[in-house]
Amino acid sequence: MAEAGSFADRVKQQADIVRVVGEYVRLKKTGKDFSGLCPFHQEKTPSFTVSPIKQIFYCFGCGKGGDVYNFVMDMEKCEFPEAVKVVAEKCGIAIPRQKERSPEERKENQQRSVLVEMHREAQTFFVKQLEGTLEGKAARAYLEDRGLDKDAIARFGIGYAPSGGDSLLRHLKPKYSDKLLVDSGLVSRDQSAGRLFDRFRRRITFPIANESGKIVAFGARALGDDMPKYLNSPETPIYSKSNVLYHMDRAKEGIRREDFAILVEGYMDAIAVAGAGISNVAASCGTSLAEPQIKLLGRFTKRVIVNYDPDTAGQAATERSLSLLLEHDFEVRVLALPPVGNKKADPDLFIRERGKDEYLKLLKEAPPYVDYLIARARQMDLTTGEGKQRALNFLLPYIQKIPSGILRSEWATRVAQQLRIDEPLLRSALSKAAKERRSEIKSGPELIGRAAKPVERRLIRMLAEAQGFRLELARHLQDAHLYHGLETEKIFAALVIASLSGQPVQATEVGAALEERDRRLLFEILFEEANEPTWEEAMSCIEALQHRQAERELADVQRSIEANPAAPEMRGLLEKKQELMRRLAAAR
């Protein structure tokens, strides 16, 4: 790669491969060479060797080998020109300035350098305001209340933008032109009066660095009731929010080491997770991921745990991010944190209230995105065919993005079980949608199924008309929860309540308590031709429902077993599985 006499060749000749590799791998001298644990695969016994004489490396375990550039390209997930720059910088070798193609390019490069310097000065200013002013004292009290001590505040470079409105402007104005001040995004211009003023006022500031660690923007949280609560720098020549992830400059080594990234929404979430000693965390700062951010992540890992806020906006951001991550072949899990008391918990609140160990436990148990999405679909109304169709159309775009046919097949089985849809019909509908390149399923009666199974229709008729045993039948159904989760659940619930009241059941009164679709179904069933009901027939119908309930429970238990829980829980699940299988066998 490095042509003789080129700058790359000169760097390679001067570089010390042991020194460069030693920044990534703990090396130990073994004879004339050095050895350590290979960074490219998991191992307990060192098989990775570096030769200072030959200036090469080789792993006898996975077969990776090459020169210093090969090593840096693999570790940093970068191309050759970038690897040359990285090695030169690590070895203190001056990089020759590239010839600029035009005066415009030279001007743009100079502007970017100045804007980076302005942000460095602004950071120093904000930190001093936090540390040495009365307003800063109030901001420090707020941060301490959020669980951040002095060391954490310093570690993450947190500062404070005063409320005056022109404090930073007055600090920067002697050195920089009005145009540069506005271009930086640190200063805004009043459109009517043309007056300049600070963009960030009475706000706690969080420096946003690019991947190389240079501050290129700020996020700021209002200290009072000012809106918006969070305000970011605008797009500038040095900052594009779709290209930067907060904390990525510090997280990349941890992400590479652990081979997965934790994605959170905001600054405080990233700070809370990193402050708990979990370094492989980055934040998308309130927005769903953009493609450049995903490509940035992909340089260090292909495994991600998405841990966005549990509110509606956070769920929407999670789902949008999942689509892009799947398109780029990421292995994705989703951590939806449980509430803390009566509050929905983001990572910051959860770690402060429940602690690092509990967060780590849930992180390890985070389910694959498949289970998260099916759980979201099950929150929809699945008691109607139309509701099932909406749930399917929610899931379909994600199913279509799965590159593996085996995984798509597994999805179909799990979706059919969870949504209680006939699996062959579901597969047929999915296949048809894929062939026609549709992002929704046009489901007809054959997929949705008849509005109620025959056994359900017969029991509904009995609850409405069987004077002799209606009360006992209602008790059986309610005590065993046999109608829960059925499409006809709302009709059963209304009839059971009416039957248990001890008063004669009036179909019109029961119908009045139902929605239009359920009311129509009730009257359709009541007008069907039917034999006189008997208790023996009622018990036979109840046994059929019990059998279906046991099958659903068995499917749920099997999915829990496949998640490979801890030993005590696994034992309980296996015992439950055996019990359900015995019940089903006895009923045959």
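Note: the structure precedes this text.
Residues numbered from 1 in each chain as written. Predicted model: local features only at pLDDT ≥ 70, side-chain atom pairs only at ≥ 80, totals over all residues. Heavy atoms only, no water.

Visitor: Sorry, what's going on with a negative patch on the surface here?
Guide: Residues E144, D145, D149 and D151 make up a contiguous surface patch of negative charge. Topologically, D151 is positioned in helix α7 (residues 150-155). Residue class for D151 comes out exposed when judged on its relative accessible area of 61%. (Patch = residues over 30% accessible without salt bridge, like charges linked within 9 Å, V, L, I, M, F, W, Y side chains within 5 Å. Areas by Shrake-Rupley, 256 points an atom, 1.4 Å probe, with all protein chains shown as cover. Salt bridge = Lys/Arg side-chain N within 4 Å of Asp/Glu carboxyl O. Lys, Arg positive; Asp, Glu negative; His and termini not counted. Charge placed at Lys NZ, Arg CZ, Asp CG, Glu CD. Helix = DSSP H or I, 4+ residues; strand = E, 2+ residues; numbered from the N terminus. Buried < 20%, exposed > 50% of the residue type's maximum accessible area, 1.4 Å probe, protein only.)

Visitor: Would you explain the nonpolar core in this entry?
Guide: When a protein is soluble and globular, its nonpolar side chains tend to lie buried together. Residues I158, Y246, I262 and Y359 are the most contacted members of the largest nonpolar core, which totals 65 residues. In terms of residue count, the dominant contributor to this core is helix α11 (residues 267-275) (seven residues). Not counting residues up to four positions away in its chain, the partners in contact with Y246 are F156, F206, P207, I208, Y267, A270, I271, V281, A282, A283 and C285. In this structure, L245, L263, V332 and L430 belong to the second largest nonpolar core, which totals 47 residues. (Core = buried A, V, L, I, M, F, W, Y, C linked by side-chain atoms within 4.5 Å. Contact = heavy atoms within 4.5 Å.)

Visitor: Would you explain the layout of surface pockets in this entry?
Guide: Summary: where empty space remains is shown by rolling a probe the size of a single water molecule over the atoms. Of the voids in this model, the largest pocket is the one considered here, and its volume is about 1900 Å³. As for the largest pocket, its lining consists of 44 residues, and the residues nearest its centre are E82, K85, E89, S212 and K214. Residue classes in the lining of the largest pocket are distributed as 18 nonpolar, eight polar and 18 charged. (1 Å grid on protein atoms, 1.4 Å probe; cavity = no way out; pocket = protein on both sides within 12 Å on 5 of 7 lines; lining within 4 Å. Points joined across faces, edges and corners; volume = space filled by probe spheres on them. Nonpolar A, V, L, I, M, F, W, Y, C, P; charged D, E, K, R; others polar.)

Visitor: Explain the sheet that holds strand β6 (residues 159-161) to me, please; I cannot follow it from the model alone.
Guide: Working definition: the strands of a sheet are paired by backbone hydrogen bonds and lie parallel or antiparallel to each other. The strand order across the open sheet formed by four strands is β6-β9-β10-β11, and the pairing between neighbours is antiparallel. On the outer flanks of this sheet lie β6 and β11 (230-232), each paired with one strand and no other. On average, each strand axis in the sheet is inclined to that of its neighbour by 35°, with strand direction left out of account. Relative to β11, strand β10 (residues 215-222) runs antiparallel, the two sharing three bridges. Directly across from R221, in β11, lies its bridge partner Y230. Running at roughly 35° to β10, helix α5 (residues 103-132) makes contact with β6, β9 (203-209) and β10 of the sheet. (Pairing = 2+ DSSP bridges. Axes fitted to C-alpha atoms, helices over the stretch in contact; angles between N-to-C directions.)

Visitor: When you look at the packing of aromatic side chains in this model, what are you seeing that I'm missing?
Guide: Each aromatic ring pair is described using two quantities: the centre-to-centre distance and the angle formed by the ring planes. Under the criterion given, the structure shown has 19 aromatic pairs. Taken together, a centroid distance of 5.8 Å and an interplanar angle of 70° make the contact between F40 and F71 edge-to-face. With F40 in the loop between β2 (33-36) and β3 (48-51) and F71 in helix α3 (residues 68-76), this residue pair connects regions lying 31 residues apart in the sequence. With a centroid separation of 6.4 Å and 55° between ring planes, the pair formed by F350 and Y359 is classed as tilted. Taking relative accessible area as the criterion, F350 reaches 0% and is therefore assigned buried. Exposure remark for Y359: the relative accessible area of 0% places this residue in the buried category. Grouping aromatic residues by their ring pairs yields a cluster made of Y24, F40, F48, F57 and F71. If you follow K64 out to its NZ or CZ, it ends over the ring of F40, 5.4 Å from the centre. (Phe/Tyr/Trp six-rings, centres within 6.5 Å; stacked < 30°, edge-to-face > 60°. Lys NZ or Arg CZ within 6 Å of the ring centre and 35° of its normal.)

Visitor: I keep staring at the side chain of D348 and nothing clicks. Help me out?
Guide: Relative to the assigned elements, D348 resides in helix α14 (residues 347-354). Residue classification places D348 among the buried residues on the basis of a relative accessible area of 2%. Within polar-contact distance, the side chain of D348 engages the side chain of R146 at 2.4 Å. (Polar contact = N/O pair within 3.5 Å; in protein donor to acceptor, adjacent residues only side chain to side chain.)

Visitor: Mind showing me how you'd approach empty space enclosed by the protein here?
Guide: Considering all chains together, one arrives at three cavities of 30 Å³ or more under this definition. Here the largest cavity defines a volume of roughly 60 Å³. Lining of the largest cavity is provided by ten residues; of these, Y239, K241, V244, S284 and C285 occupy positions nearest its centre. Split into classes, the residues belonging to the lining of the largest cavity amount to five nonpolar, four polar and one charged.

Visitor: Could you clarify how one ought to interpret helix α19 (residues 423-435) in this entry?
Guide: Given 3.6 residues per helical turn, the α-helix brings residues three or four places apart onto the same face. Spanning 13 residues, α19 covers 18 Å between terminal C-alpha atoms, matching the ideal 18 Å at 1.5 Å per step. Along α19, the positions that sit buried rather than exposed are L426, A429, L430 and A433. Buried residues of α19, viewed axially, fall in a sector of 100°; they line one side. α19 presents P424, K432 and K435 as exposed residues on the side facing more than 90 degrees away from its buried surface. (Expected span 1.5 Å × (residues − 1). Arc of directions from axis to C-beta.)

Visitor: Could you clarify how one ought to interpret the packing of helix α21 (residues 454-465) against helix α25 (residues 516-526) in this entry?
Guide: Packed helices, taken two at a time, are described by their axes: the angle between them and the distance between them. Where α21 meets α25, the axes come as close as 9 Å, and the angle between the chain directions of the two elements is 80°. As summarised for this structure, α21 and α25 are arranged roughly perpendicular, according to the angle between their axes. Judged by residue contacts, R457, I460, R461, A464 and E465 of α21 engage L521, L522, E524, I525 and L526 from α25. (Parallel < 35°, antiparallel > 145°, perpendicular 65-115°, else oblique.)

Visitor: Please explain unusual backbone geometry as it appears in this structure.
Guide: A negative phi angle characterises most non-glycine residues, just as the trans form characterises most peptide bonds. P228 follows M227 through a cis peptide bond whose omega is -5°. Mapped onto the secondary structure, P228 falls in the loop between β10 and β11. Positive phi values are uncommon outside glycine, yet R202 reaches one of about 50°. With respect to the element layout, R202 can be found in the loop between β8 (196-198) and β9. What makes R202 partly exposed here is its relative accessible area of 37%. Located in the positive-phi region is H481, a residue other than glycine, with phi close to 55°.

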